[in-house]
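Analysis of the macromolecular model
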Amino acid sequence: MTYTLLISPQELQKLQATGAPLVVFDCSFDLMNPGTVDATFAQEHIAGAQQAHLDRHLSAHNSSQALNGGRHPLPCAEDVAHWLGQCGVHEGTQVVVYDRNGNNYCGRLWWMLKWLGHDAVAILDGGLQAWKAASGNLAQGASTSTTATTFAIRPALRQWLSTDEVRDQLDHTTQTLVDARGAPRYRGEVEPLDPIAGHIPGALNRPFTDNFDAQGQFKSSEVLRQEWLQLLAGRSPDSVVHHCGSGVSAVPNIVAMELAGLGVTRLYAGSWSEWSRTPGLPCERS
């Protein structure tokens, strides 16, 4: 069986027992204190998991490698493919991603694999906390060494938009922007990371945390569908473009819409961190 959206701890345990090609990535991160991430991983992670560091592995390191602007720009596809191959991911690999941060970061790698044409990637529902509650095996230390392989890029299964593309469609019914940041940041009451507070004009607000229940798992498909249709208020799901601060925490909204049966939607990769740094673009507070 191939998992393409979510996988439960029990399903992952069964998958591990089969010996099928499997790579598990720990995508845990600390946005305000990234220097602690390596120690956190070494202290405790799912047995056999490899570390996927937001800054080192999942973002471009300089402008010559970046596909967009903002705080966590996408690396070029070839660089990501090389790293995935070094981690042992190939065409037949089931990939599972997780974090210990309320699914704030692991969706980034889920989306990037889809973007590179690899459909067999799933988010561990509930993250490390759910894994521990299910008595899953844990390990300490550095990432487990793997045999390198070749990861081949295939036609993209998810799409991203540039700042120019988003700007050109402002106020058009063909584009519905959904901002995944918390309501105070969306309204412009606070801004801890970017130079300007506020949001892109016309954007709706759906904090990514609204997609989860009290246990940190995604809400049911039925509940998600009801909530998203209420938010869209008659707008076409096909028109939705997701963004957040830097293109990372918007992904749970993308996943939630797919779980709700509302189709595959697009990501504005640069998000507010690129928009707010681009001279001449309009910003709103409300």
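Parameters and conventions
Residues numbered from 1 in each chain as written. Predicted model: local features only at pLDDT ≥ 70, side-chain atom pairs only at ≥ 80, totals over all residues. Heavy atoms only, no water. Disulfide = S-S within 2.5 Å. Buried < 20%, exposed > 50% of the residue type's maximum accessible area, 1.4 Å probe, protein only. Helix = DSSP H or I, 4+ residues; strand = E, 2+ residues; numbered from the N terminus. Pairing = 2+ DSSP bridges. Axes fitted to C-alpha atoms, helices over the stretch in contact; angles between N-to-C directions. Parallel < 35°, antiparallel > 145°, perpendicular 65-115°, else oblique. Contact = heavy atoms within 4.5 Å. Nonpolar A, V, L, I, M, F, W, Y, C, P; charged D, E, K, R; others polar. Lys, Arg positive; Asp, Glu negative; His and termini not counted. Salt bridge = Lys/Arg side-chain N within 4 Å of Asp/Glu carboxyl O. Polar contact = N/O pair within 3.5 Å; in protein donor to acceptor, adjacent residues only side chain to side chain.

With that settled, consider the state of the cysteines. With the rule as written, the count across this model stands at 0 disulfides. Not engaged in a disulfide, the cysteine Cys27 finds its nearest cysteine sulfur in Cys106; these two sulfurs lie 5.9 Å apart.

In this section: the pairing of strand E9 (residues 176-179). Along a regular strand, successive side chains alternate from one face of the sheet to the other. Along E9, one buried face is formed by Thr176 and Val178 and the opposite face, lined by Leu177 and Asp179, is buried too. Alignment of E9 against strand E11 (residues 240-243), held across 4 bridges, turns out to be parallel. Residue pairing across strands places Thr176 opposite Val240, the latter belonging to E11. As paired strands, E9 and strand E10 (residues 204-205) are joined by 2 bridges and run parallel to one another. Bridge pairing in E10 places Asp179 opposite Asn205.

Between helix H3 (residues 77-86) and helix H4 (residues 106-115), the shortest axis-to-axis distance is 11 Å and the interhelical angle comes to 110 degrees. Viewed along their axes, H3 and H4 adopt a mutual orientation that is roughly perpendicular. Here Ala77, Val80, Trp83 and Leu84 of H3 lie close against H4, whose contacting residues are Leu109, Met112, Leu113 and Trp115. Taken together, the residues of the contact of H3 with H4 sort by class into 8 nonpolar, no polar and no charged.

Once that is clear, we can look at the side chain of Glu274. Checked against the element boundaries, Glu274 lands in helix H10 (residues 271-275). An unpaired buried charge is present at Glu274: no salt bridge exists, and Arg277, the closest side chain of opposite charge, is 9.4 Å distant. Polar contacts involving the side chain of Glu274 include one to the main-chain amide nitrogen of Gly69, which spans 3.1 Å. In this structure, Glu274 is in contact with Asn68, Gly69, Gly70, Thr163 and Tyr268, ignoring residues within four places of it in sequence.

A word on the side chain of Thr163. Tracing the sequence through the fold places Thr163 in helix H6 (residues 163-168). Apart from the residues within four sequence positions on either side, Thr163 is in contact with Tyr268, Glu274, Trp275, Thr278 and Leu281.

Here we come to the sheet that holds strand E5 (residues 94-98). The 5 strands are arranged E1-E6-E5-E2-E4 in an open sheet whose pairing can be described as parallel. The outermost strands of the open sheet, each flanked by one partner alone, are strand E1 (6-7) and strand E4 (50-51). Across 5 bridges, strand E2 (residues 22-26) lies against E5 in parallel orientation. Residue pairing for E5: Phe25 is matched across the bridge by Val97. In the packing of H4 onto the sheet, contacts are made with E2, E5 and strand E6 (121-124), and the angle to E6 comes to roughly 170 degrees.

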